[in-house]
Amino acid sequence: MTDIRTPLNDAAVRSLKLGDTVFISGPVVTGRDEAHIRALEMSRNGEETPSVLDGCVLYHCGPIMRQNADGDWIVVAAGPTTSARMNKLEPEAIRTFGIRAIIGKGGMSKEVAEAMRECGCVYLAATGGAAVSLAEGLGRCTGVQWLDLGMAEALWSFETDRLGPLIVAMDAEGNSLYEKVRESLVRDARSCRRRRRSPRACRPRRRSPSRASWTCGSG
């Protein structure tokens, strides 16, 4: 297990290897579809974007938040969102904002993996169904932007305290655990098809002196 502190630099990101287990402490930002769309539109239009996005660790998450009487926000639950929802948006976001790590579930496309390899970014898989324990790791909420998008789609900032465990499922060298699993399943399926197509020898077997039956086998 590796404890890492954000913000991350290129060397720290590229030192993480496929399958490593990590815990993150330091600034982390949550953002989903709508936050991506708004940030990219602002950037394309030459508008100033939130500085928390620059070189950030981005958590694909729509947290459930509660506001105290004094105005402070408390995170109640923070399970990962399926990252494939952001496949079309993430390559540009990585290149535009220099995102160093993405936390989510389910992995992302080859196009995202290429942007990660190019810019120095990793994908960290969080455990689905662990929204409460992950909320504890998110720690203190330090701010929110674009609350007009709704609680789940807003851009939330946190000062995390050992958020995890997280698995390096896509590294900064273009390797992916999801791709390895897919390739293994393809190999297994092809092997099964070959075995089904292979001819099997048949031999007669006497069940009784008066009747014979045919049994298929290897001999």
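Summary of the structure given here. (Residues numbered from 1 in each chain as written. Predicted model: local features only at pLDDT ≥ 70, side-chain atom pairs only at ≥ 80, totals over all residues. Heavy atoms only, no water.)

1. Structural notes on the environment of proline 7
So, step 1. As for its position among the elements, proline 7 is in the loop between strand E1 (2-5) and helix H1 (10-14).
So, step 2. The exposure class assigned to proline 7 is exposed, which follows from its relative accessible area of 67%.
So, step 3. Spatially, the C-alpha atoms of proline 7 and proline 27 are 6.8 Å apart, while their sequence positions differ by 20 residues. (Helix = DSSP H or I, 4+ residues; strand = E, 2+ residues; numbered from the N terminus. Buried < 20%, exposed > 50% of the residue type's maximum accessible area, 1.4 Å probe, protein only.)

2. Brief notes about the layout of surface pockets
So, step 1. In this structure, the largest pocket encloses a volume near 220 Å³.
So, step 2. Along the wall of the largest pocket there are 14 residues; nearest its centre are Lys110, Ala113, Gly174, Ser176 and Glu179.
So, step 3. Looking at the lining of the largest pocket, the elements that each hand over two or more residues are helix H4 (110-119) and helix H6 (177-197).
So, step 4. Taken together, the residues that form the lining of the largest pocket break down as four nonpolar, four polar and six charged. (1 Å grid on protein atoms, 1.4 Å probe; cavity = no way out; pocket = protein on both sides within 12 Å on 5 of 7 lines; lining within 4 Å. Points joined across faces, edges and corners; volume = space filled by probe spheres on them. Nonpolar A, V, L, I, M, F, W, Y, C, P; charged D, E, K, R; others polar.)

3. Here we look at the pairing of strand E5 (residues 73-77)
So, step 1. Sheet topology places strand E4 (residues 64-67) next to E5; four bridges connect them, and they run antiparallel. Its bridge partner lying in E5, glutamine 67 is registered against tryptophan 73.
So, step 2. Here E4 folds back onto E5, and the loop between the two strands holds five residues, one of which, glycine 71, carries a positive phi near 95°. (Pairing = 2+ DSSP bridges.)

4. A few points about the packing of aromatic side chains
So, step 1. In total, this model carries two aromatic pairs according to the counting rule given.
So, step 2. Between tryptophan 73 and tryptophan 156 the ring centres are 5.1 Å apart and the planes differ by 75°, which places this aromatic pair in the edge-to-face class. With tryptophan 73 in strand E5 and tryptophan 156 in strand E9 (residues 155-170), the pair connects residues that are 83 residues apart, well separated along the chain.
So, step 3. Taking relative accessible area as the criterion, tryptophan 73 reaches 19% and is therefore assigned buried.
So, step 4. Their ring planes at 75° and their centres at 6.2 Å tell us that tyrosine 123 and tyrosine 178 sit as a pair that is edge-to-face. Of this pair, tyrosine 123 sits in strand E7 (residues 122-125) while tyrosine 178 sits in helix H6, placing them 55 residues apart in sequence.
So, step 5. Residue class for tyrosine 123 comes out buried when judged on its relative accessible area of 0%.
So, step 6. Between arginine 162 and the ring centre of phenylalanine 23, over which it is positioned, the NZ or CZ distance is 4.1 Å. (Phe/Tyr/Trp six-rings, centres within 6.5 Å; stacked < 30°, edge-to-face > 60°. Lys NZ or Arg CZ within 6 Å of the ring centre and 35° of its normal.)

5. Side note on the nonpolar core
So, step 1. Within the largest apolar cluster, 31 residues are counted, with the highest numbers of intra-cluster contacts made by Ile24, Tyr59, Ile103 and Leu124.
So, step 2. Counting only elements with at least two residues in this core, the list comes to strand E2 (21-30), strand E3 (57-59), E5, strand E6 (101-104), E7, helix H5 (131-138) and E9.
So, step 3. Element by element, the count of residues in this core is highest for E9, at five residues.
So, step 4. Those residues in contact with isoleucine 103 that sit more than four places away from it in its chain are Ile24, Val57, Leu58, Tyr59, His60, Leu124, Ala126, Leu163 and Leu166. (Core = buried A, V, L, I, M, F, W, Y, C linked by side-chain atoms within 4.5 Å. Contact = heavy atoms within 4.5 Å.)

6. Some thoughts on the packing of helix H3 (residues 90-97) against H4
So, step 1. As a packed pair, H3 and H4 sit with axes 8 Å apart at the nearest point and diverge in direction by 15°. Our classification of the angle between H3 and H4 gives roughly parallel. For the pair H3 and H4, the sense of crossing is right-handed. Seen from H3, the contacting residues are Glu90, Pro91, Ile94 and Arg95; seen from H4, they are Glu111, Val112, Glu114, Ala115, Met116, Glu118 and Cys119.
So, step 2. Split by residue class, the contact of H3 with H4 holds six nonpolar, no polar and five charged. (Axes fitted to C-alpha atoms, helices over the stretch in contact; angles between N-to-C directions. Parallel < 35°, antiparallel > 145°, perpendicular 65-115°, else oblique. Left-handed = near helix turned anticlockwise from the far one by under 90°.)

7. Focus on empty space enclosed by the protein
So, step 1. Scanning all chains against the criterion turns up one cavity of 30 Å³ or more.
So, step 2. Approximately 90 Å³ is the volume attributed to the largest cavity.
So, step 3. Lining the largest cavity, in full, are Gly31, Ala35, His36, Ala39, Leu53, Leu58, Ala93, Phe97, Ile99, Trp146 and Leu155.
So, step 4. Looking at the lining of the largest cavity, the elements that each hand over two or more residues are helix H2 (33-44) and H3.
So, step 5. Of the residues forming the lining of the largest cavity, the biggest block, three residues, is contributed by H2.
So, step 6. For the lining of the largest cavity, a count of residues per class yields nine nonpolar, two polar and no charged.

8. Describing the pattern of salt bridges
So, step 1. Applying the stated rule across the entire model yields twelve salt bridges.
So, step 2. Measuring nitrogen to oxygen at the nearest pair gives 3.1 Å for the salt bridge that ties glutamate 153 to arginine 32. Taken as a pair, glutamate 153 in the loop between strand E8 (140-145) and E9 and arginine 32 in the loop between E2 and H2 lie far apart in primary sequence, 121 residues in all.
So, step 3. Using a relative accessible area of 11% as the deciding quantity, one classes glutamate 153 as buried. (Salt bridge = Lys/Arg side-chain N within 4 Å of Asp/Glu carboxyl O.)

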